[in-house]
Amino acid sequence: MRVRLVGTWLRAYDEAGTRVRRVLVLEPDGSFHERSAVVSVDTAVPRESHGSGTWLFDGTNLKRHYRLVNGLPVSAPTVPFATFELRFTSRAEFVGVDRIRGRQVTYQRVPEGTLP
């Protein structure tokens, strides 16, 4: 199942007047990097951010440990972990449930090199 997660994934959604695109790349060696672009209704210029760290899949949960955010080491009070209980809806899509924050996210597989 872990092998099935390796690759490039896109999460795109609208929230409170903003358009968000997140591209998550899960590498076979257990590292990941993520790039995000946020465009609000009052500006055409996207705000971009990026993070990287390590990931693992325990058979149920995708767990990411952020080591860097925007090129800087993660420190308190930022929580450097993201954990989602996964359910595959197809070979090209999974739904993740964050039980702590009470939210659900959907990622779709996209070609390598996709930008947010």
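Peer 1: Just to check I follow, could you spell out the pairing of strand β5 (residues 61-69) for this structure?
Peer 2: In regular strands, side chains alternate between the two faces of the sheet. Sheet topology note: the strand β4 (residues 47-57)/β5 ladder contains seven bridges and is antiparallel. Its bridge partner lying in β5, L56 is registered against K63. Across five bridges, β5 lies against strand β7 (residues 81-90) in antiparallel orientation. Across the sheet, the residue bridging to H65 is F81, located in β7. In this sheet, strand β6 (residues 72-73) lies alongside β5 in antiparallel orientation, the contact comprising two bridges. Directly across from V69, in β6, lies its bridge partner L72. Between the antiparallel neighbours β5 and β6 lie two residues, among them N70 with a positive phi of about 55°.

Peer 1: In this structure, what is going on with the side chain of R11? I would like to understand it.
Peer 2: Checked against the element boundaries, R11 lands in strand β1 (residues 7-15). One buried charged residue, R11, forms no salt bridge at all, with the nearest opposite charge on E15 at 5.6 Å. In contact with R11, other than residues within four places in its own chain, are V20, R21, R22, R103, V105, T106 and Y107.

Peer 1: Just to check I follow, could you spell out the environment of L72 for this structure?
Peer 2: For L72, the location among the structural elements is in strand β6. Using a relative accessible area of 57% as the deciding quantity, one classes L72 as exposed. L72 sits 21 residues away from G51 along the chain, and the two C-alpha atoms are 8.9 Å apart.

Peer 1: Looking at this structure, I do not really get the side chain of R64. What am I missing?
Peer 2: Mapped onto the secondary structure, R64 falls in strand β5. Here the side chain of R64 touches Y66 through a polar contact of 3.0 Å, side chain to side chain. Setting aside anything within four residues of it in sequence, one finds R64 in contact with L24, F32, E34, T54, W55, P80, F81, A82, F84 and Y107.

Peer 1: Please clarify how unusual backbone geometry should be interpreted in this entry.
Peer 2: With the exception of glycine, the majority of residues adopt a negative phi angle, and the majority of peptide bonds are in the trans configuration. Positioned with a positive phi, A16 is a non-glycine residue whose angle comes to about 50°. In this structure, A16 sits in the loop between β1 and β2 (18-26). A relative accessible area of 80% places A16 in the exposed class. A positive phi angle, near 55°, is found at N70, a position not held by glycine. On the secondary structure map, N70 appears in the loop between β5 and β6.

Peer 1: Would you take a moment to explain the packing of aromatic side chains for this structure?
Peer 2: To describe a pair of aromatic rings, one takes the distance between the centres and the angle between the planes. Under the defined criterion, the tally for this structure stands at four aromatic pairs. When the ring of F32 is compared with that of Y66, the centres are 5.0 Å apart and the planes differ by 85°; the resulting orientation is edge-to-face. Remark: Y66 occurs in strand β5 and F32 occurs in strand β3 (residues 31-40); sequence separation between them is 34 residues. Of the two residues, F32 and Y66, neither departs from the other in class, the shared state being buried. On the basis of an interplanar angle of 65° and a centroid distance of 6.0 Å, the ring pair of F88 and F94 is categorised as edge-to-face. The same class applies to F88 and to F94, which are both buried. An aromatic cluster is present here, built from W9, F88, F94 and Y107 joined pairwise through their rings.

Procedures and definitions
- Residues numbered from 1 in each chain as written.
- Predicted model: local features only at pLDDT ≥ 70, side-chain atom pairs only at ≥ 80, totals over all residues.
- Heavy atoms only, no water.
- Pairing = 2+ DSSP bridges.
- Helix = DSSP H or I, 4+ residues; strand = E, 2+ residues; numbered from the N terminus.
- Buried < 20%, exposed > 50% of the residue type's maximum accessible area, 1.4 Å probe, protein only.
- Lys, Arg positive; Asp, Glu negative; His and termini not counted.
- Salt bridge = Lys/Arg side-chain N within 4 Å of Asp/Glu carboxyl O.
- Contact = heavy atoms within 4.5 Å.
- Polar contact = N/O pair within 3.5 Å; in protein donor to acceptor, adjacent residues only side chain to side chain.
- Phe/Tyr/Trp six-rings, centres within 6.5 Å; stacked < 30°, edge-to-face > 60°.

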